[in-house]
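Observations on the model geometry
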Amino acid sequence: VKNGKHICYCYIPTRAIWDTDVYFNEGIIKTLFNLTKPLLKKLDYIAAQNVDQFVAISEMTKNIIKEHYNRNADVILCPIDLSMYHSNDEDRQGFLVVSRLEKWKRVDIAIKAFNKTGDSLKIVGTGPEMEKLKSIAGSNIIFLGRLNDSDLASEYASVKAVVFTPYIEYGLIPLEANACGTPVICYGHGGVEETMISGERAEAEGLLPTAIFFNEQTERSLLAALITFKKTTFVNEHLVKHAQNWDIPTFQQNFRAYINSCSDSTIK
């Protein structure tokens, strides 16, 4: 559009290009990407310079945009659709992982940890690592595959906690869990630092926790977090209220105000 502004709401610069070694397993696809990576990075960088303003979904994304594109960004946190989720006052059993089953998501550490504890763990999701993960999983671990939104919401609301293992720029899953009154045990780096209230932070600041963090992507660190989780009290109503800070109407209002501030005329 002539004289228009290009505002990019960016989840993260393309992970396959900028973080190839972590994103891909060994194989022909990774080899091809490594061969073409210098060109792809150059083209992606050039394209990024045509954006008038970047808006990042988190401070982590903001920093990565600066690192890869040498561009500044503002931050507007991504929303969740609260109408999809509900809390459950019935007795909760077991734990839940919701993830695309890819190597970099590190679902393997959850499986190894729960193999040792014997606690029930359900895993929602599919992906190239599924068969490998199934091969190392004990009988206490059930793979549910892909679920529709309604069934996923029911799973969120039926467990003691959701386990979240990846290092990622945001992570809607912990917020979706909270929206169902369910706490999270998560790798404590990346976007979760902006959306979750860890047990340590809650204690230091006189807040109620929404999650327990583990500081290394290892089985041992997750096992320690599970022990801490079992000693921690969570308030379901508080978790639901916390998630409401990320509702869609609030996001729409904030994003529209931002767009208007970037424009010479009001955008409808």
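Report on the accompanying structure. Since we're looking at a predicted model, the values are computed, not measured.

Attention now moves to the pattern of salt bridges. What the rule picks out here adds up to eight salt bridges. A salt bridge links Arg106 to Asp108; the shortest N-O distance between them is 3.0 Å. For Arg106, a relative accessible area of 25% translates into the label partly exposed. Between Lys116 and Glu219 there is a salt bridge, with the nearest N and O atoms lying 3.0 Å from each other. With Lys116 in helix 5 (residues 107–117) and Glu219 in helix 11 (residues 219–230), this pair connects stretches of sequence that are 103 residues apart.

Here the focus is the packing of aromatic side chains. In total, this model carries 12 aromatic pairs according to the counting rule given. Between Phe251 and Phe255, the ring centres sit 5.6 Å apart and the planes meet at 25°, which makes this aromatic pair stacked. One end of the pair, Phe251, and the other, Phe255, are both in helix 13 (residues 248–262), four residues apart, so they sit about a helical turn from each other. Neither Phe251 nor Phe255 differs from the other in exposure class; each is buried. By way of ring pairs, the aromatic residues Tyr9, Tyr11, Phe251 and Phe255 are connected into one cluster.

If you walk across this open sheet you meet the three strands as 1-2-3, and the pairing is parallel. For this open sheet the edge positions go to strand 1 (7–10) and strand 3 (73–75), each flanked by a neighbour on one side alone. Direction aside, the axes of adjacent strands within the sheet are offset by 30° on average. Across three bridges, the pairing between strand 2 (residues 53–56) and strand 3 is parallel. Residue pairing across strands places Ala56 opposite Val75, the latter belonging to strand 3. Across the face of the sheet, helix 4 (residues 59–69) comes into contact with strand 1, strand 2 and strand 3 while running at roughly 140° to strand 2.

Here is what the cut-offs are and how they apply
- Residues numbered from 1 in each chain as written.
- Predicted model: local features only at pLDDT ≥ 70, side-chain atom pairs only at ≥ 80, totals over all residues.
- Heavy atoms only, no water.
- Salt bridge = Lys/Arg side-chain N within 4 Å of Asp/Glu carboxyl O.
- Buried < 20%, exposed > 50% of the residue type's maximum accessible area, 1.4 Å probe, protein only.
- Helix = DSSP H or I, 4+ residues; strand = E, 2+ residues; numbered from the N terminus.
- Phe/Tyr/Trp six-rings, centres within 6.5 Å; stacked < 30°, edge-to-face > 60°.
- Pairing = 2+ DSSP bridges.
- Axes fitted to C-alpha atoms, helices over the stretch in contact; angles between N-to-C directions.
- Contact = heavy atoms within 4.5 Å.

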